[in-house]
Amino acid sequence: MDTKKALITGASRGIGSAIALKLAEKGYNLVLTARDLPMLETVSENCVSHGVSVEILAADLTSESEIISLFEKSGPIELLVNNAGFGIFGPIDEFSLEDWQAIQKVNVEGAFLCLREALKNMKAHSGGRIINISSVVGVKGYPNQAAYGASKHALLGLTKTAIEEGRDHNIRVHAICPGGVATEMVKSARPDLTDFSAMIQPEDVADAVAYLCSLPPNITVDVIHLRRAASPQSW
Ligand SMILES: NC(=O)c1ccc[n+]([C@@H]2O[C@H](COP(=O)([O-])OP(=O)(O)OC[C@H]3O[C@@H](n4cnc5c(N)ncnc54)[C@H](OP(=O)(O)O)[C@@H]3O)[C@@H](O)[C@H]2O)c1
């Protein structure tokens, strides 16, 4: 059993809760964060059944002070899964600045602050691993997804710099870019898609996280592009 400690953002539901469960199965002690305390408690109950310790620290990732406090309370961590994010969808010529800024605030600024605090945390110890959850939308363009897509492109850009800055500190940084995953979020992004069973499942993303965590120390994988094997390939 691995006894490392992992902090997972956006752990209250969807992909984040599946990652929490997978890492608990792998023996990681967990710090789970999001805003919805009752949902975090449900995820925690499922994780502790694997015999690991789970700490719940609610935080709003639009707040720098809450993020700093989150990492202070977490203590030394070996793994950050920078997963929290959300989308608002619509054509560019109808999109408000307020909605644009709300998305960048969580998906870029919040992810940057978590990345910054994790790098400080890990540099002060013996290194670690950071996994940023970007998206296929961080690589390709889709109608109605300009603000969300720009935020996920930014997260991939942040990842590329962090890979280089972490290298000499024994900190491995990765991004996972999944296509559409069967969670609540995809329903608002792609209301035309109805067959959830044919999509990538949250557990598939969790398996990709577990794969990255299993890499031997002499190699790394910068970016995983997780796609449906069947057509249509990107979704
Ligand atoms: N679903 C997809 O098709 C898909 C595809 C590729 C990538 N992704 C990415 O995967 C990640 C997880 O997505 P998902 O599909 O699992 O979405 P989800 O089910 O809507 O979950 C989003 C998570 O982010 C948290 N979150 C949102 N705003 C937050 C804030 N201000 N402060 C703290 N936590 C916040 C939510 O927690 P609270 O509401 O409790 O705070 C929730 O736990 C996102 O980064 C998303 O962009 C999703």
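Owing to the predicted nature of the structure, the values given are computational and were not obtained by experimental measurement.

Asker: Got a minute to help me understand the sheet that holds strand β4 (residues 79-82) in this structure?
Answerer: As summarised here, the arrangement of the 7 strands in space is β3-β2-β1-β4-β5-β6-β7, forming an open sheet in which the pairing is parallel. Strands with a single pairing partner mark the edges of an open sheet, and in this sheet they are β3 (54-56) and β7 (223-226). The sheet shows a mean angle of 15° between the axes of neighbouring strands, direction not considered. Pairing analysis gives 6 bridges linking strand β5 (residues 128-133) to strand β6 (residues 171-178), with the strands arranged parallel.

Asker: When you look at the site of the ligand in this model, what are you seeing that I'm missing?
Answerer: Around the ligand sit 29 residues, and of these Ser12, Arg35, Asn83, Tyr148 and Thr183 come closest. The side chain of Arg13 places a nitrogen or oxygen atom 3.1 Å from an oxygen atom of the ligand. With the chains in place, 95% of the 880 Å² that the ligand exposes on its own is no longer accessible. Among the secondary structure elements, those contributing two or more residues to the shell around the ligand are α1 (14-25), α5 (146-167) and α6 (184-189). Class assignment of the residues belonging to the shell around the ligand gives a composition of 13 nonpolar, 11 polar and 5 charged.

Asker: Looking at this structure, how should I read the pairing of β5?
Answerer: Successive side chains on a regular strand alternate, one facing one side of the sheet and the next facing the other. Here β5 lies mainly inside the structure; 6 of its 6 residues are buried. Burial along β5 is two-sided: Gly128, Ile130 and Asn132 and Arg129, Ile131 and Ile133, pointing in opposite directions, are all buried. The sheet contact formed by β4 and β5 spans 4 bridges and is parallel. In the sheet register, Asn82 faces β5, and the bridge partner there is Asn132. Between the parallel pair β4 and β5, the chain is carried across by helix α4 (residues 97-123), and the sense of this crossover is right-handed. For the crossover that starts at β5, traverses α5 and ends in the parallel β6, the hand is right-handed.

Asker: Sorry, what's going on with helix α7 (residues 202-213) here?
Answerer: An α-helical segment advances 3.6 residues per turn. Residues three or four places apart therefore align on the same side. With 12 residues, α7 extends 17 Å between its outermost C-alpha atoms, agreeing within 8% with the 16 Å of an ideal straight helix rising 1.5 Å per residue. Burial in α7 covers these residues: Pro202, Val205, Ala206, Ala208, Val209, Ala210, Leu212 and Cys213. Each element contacted by the buried residues of α7 is listed here: α1, β4, β5, β6 and β7.

Rules used throughout
- Residues numbered from 1 in each chain as written.
- Predicted model: local features only at pLDDT ≥ 70, side-chain atom pairs only at ≥ 80, totals over all residues.
- Heavy atoms only, no water.
- Pairing = 2+ DSSP bridges.
- Helix = DSSP H or I, 4+ residues; strand = E, 2+ residues; numbered from the N terminus.
- Axes fitted to C-alpha atoms, helices over the stretch in contact; angles between N-to-C directions.
- Near = heavy atom within 4 Å.
- Polar contact = N/O pair within 3.5 Å; in protein donor to acceptor, adjacent residues only side chain to side chain.
- Areas by Shrake-Rupley, 256 points an atom, 1.4 Å probe, with all protein chains shown as cover.
- Nonpolar A, V, L, I, M, F, W, Y, C, P; charged D, E, K, R; others polar.
- Buried < 20%, exposed > 50% of the residue type's maximum accessible area, 1.4 Å probe, protein only.
- Right-handed = clockwise from strand over helix to strand, strands pointing away.
- Expected span 1.5 Å × (residues − 1).
- Contact = heavy atoms within 4.5 Å.

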